[in-house]
Amino acid sequence: MAFDLSDRTVLVVGGAGYVGSVMVPLLLDAGASVRVLDQFVYDNGFSLAPVLDDPRVALHRGDLRDAAVFAEAARGATDVVMLASLVGDPVCKKYPELAQQVNADATKAIIDSLDGLGVQRFVFTSTCSNYGIHDSATLADEESELNPQSLYARTKIEVEEHLLKSAASTDASMTVLRIATAYGLSPRMRFDLTVSQFAWEIASGQDLLVFDADTWRPYCHIRDISKAVMTVLTAAPEKVRGEVFNVGDTTQCFTKRMIVEEVQKHVPDAVVSYREGDTDPRNYRVSFAKITERLGFTVDHTVQDYLAQLTTAVQAGVFPDVAGSTRYGNYEVRHLEPRT
Ligand SMILES: NC(=O)c1ccc[n+]([C@@H]2O[C@H](COP(=O)([O-])OP(=O)(O)OC[C@H]3O[C@@H](n4cnc5c(N)ncnc54)[C@H](O)[C@@H]3O)[C@@H](O)[C@H]2O)c1
């Protein structure tokens, strides 16, 4: 599907991150002008280097908790895509105060500030982690009860509820995307996400220890996540205003063991051991029927293809310095302090 965003100016908050640094070039390909607001929390600004010489790109380094910084970046934008937050259970657990301030309080304040800014669409990226533990004999859909197992998911749910409450009375058409766990190659790689972590550890010759191998999770490529965002940005507003969509594909739900077995097809001598009883009990399979039926969205990528690409890249030495580096994941916040 080709998108035409040539009359749009899209502000991507968190555009230097794992998803954002793939989404920004795709928005440019679709003809959009793009603003990026990002604080480079993990020293990750390098990810934007390939697009910074495009005259349609405007970069704002700043903290989204600062209302004036957001208002300045959003001035003249037709659309806002909200990617910035402390992403993932471990980083939220490590910095709980920051997670509450950035992910929940400041994001809700941004939603409250939209009227008067001229923003027509607002896309909030939430997570399928909100389903937490769900009977894996059935698929969780957008109506299923949420069962968060972490502060990360609780902050996302807090924003979802706030957004949905104000959706009818806000000028902008606002939409929630509950996204499956991401995979894919990005200028800002994250090796703290299941698929990439397993492939990197195995393909770089390490022994892999897998906890709770038979727990299910859905997965989605970062290019397909970008496609879902552009699908929402170009859909008829009445189809997306105040709506929640799961983003992914039902055929791309896997257990951790299934992912390991897929990696082993490329690295047959992998040393893998399994253990029960991790501190992450999440287990959910998800239905993606709504986004397909209502918006015609389908994915173009599969975990299987990606594992072939990533294992080849790791074995070729494309990522020589991952071990011990804080650059390739959300391990350590470098440029954000809690506010009193
Ligand atoms: N990666 C996944 O598996 C996944 C799965 C489901 C949903 N999502 C959602 O997609 C979005 C993007 O995830 P990602 O993997 O790209 O995360 P990421 O951590 O790579 O990117 C987040 C970006 O936000 C920026 N940021 C954080 N706090 C900020 C602040 N206070 N002010 C300005 N910038 C700030 C960071 O510098 C970073 O560039 C998030 O909303 C996440 O919840 C991601």
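Residues numbered from 1 in each chain as written. Predicted model: local features only at pLDDT ≥ 70, side-chain atom pairs only at ≥ 80, totals over all residues. Heavy atoms only, no water.

Per an unreviewed UniProt entry, the chain goes by the name NAD(P)-dependent oxidoreductase and belongs to Pseudonocardia broussonetiae.

Peer 1: Which parts of the structure should I look at to understand the sheet that holds strand β7 (residues 181–183)?
Peer 2: Across a sheet, paired strands are connected by hydrogen bonds in the backbone, their directions being either parallel or antiparallel. Across the sheet, which stays open at both edges, the three strands sit in the order β7-β9-β11 with mixed pairing between neighbours. With one partner strand each, in any of the chains shown, β7 and β11 (253–255) form the two edges of the open sheet. Geometrically, the sheet is characterised by an average inter-axis angle of 45 degrees between neighbouring strands, direction not taken into account. Of the pairings in the sheet, the one linking β7 to strand β9 (residues 216–221) comprises three bridges and is parallel in character. Across the sheet, residue T181 finds its bridge partner in β9, namely Y219. (Pairing = 2+ DSSP bridges. Helix = DSSP H or I, 4+ residues; strand = E, 2+ residues; numbered from the N terminus. Axes fitted to C-alpha atoms, helices over the stretch in contact; angles between N-to-C directions.)

Peer 1: Help me understand the sheet that holds strand β4 (residues 79–82), please; the structure alone is not making it clear to me.
Peer 2: Judged by pairing direction, the sheet is parallel, and its seven strands sit side by side in the order β3-β2-β1-β4-β5-β6-β10 without closing on themselves. Edge positions in the sheet fall to β3 (57–61) and β10 (243–247), since each has one partner strand and no second. Geometrically, the sheet is characterised by an average inter-axis angle of 20 degrees between neighbouring strands, direction not taken into account. Across five bridges, the pairing between strand β6 (residues 173–179) and β10 is parallel. Bridging across to β10, R178 finds its partner in N246. Along the sheet, helix α4 (residues 96–113) contacts β4, β5 (121–127) and β6; its crossing angle with β5, the most-contacted strand, is approximately 160 degrees. Strand contacts of helix α5 (residues 151–166): β5, β6 and β10, with the helix running at about 150 degrees to β5, the strand carrying the most contacts. (Contact = heavy atoms within 4.5 Å.)

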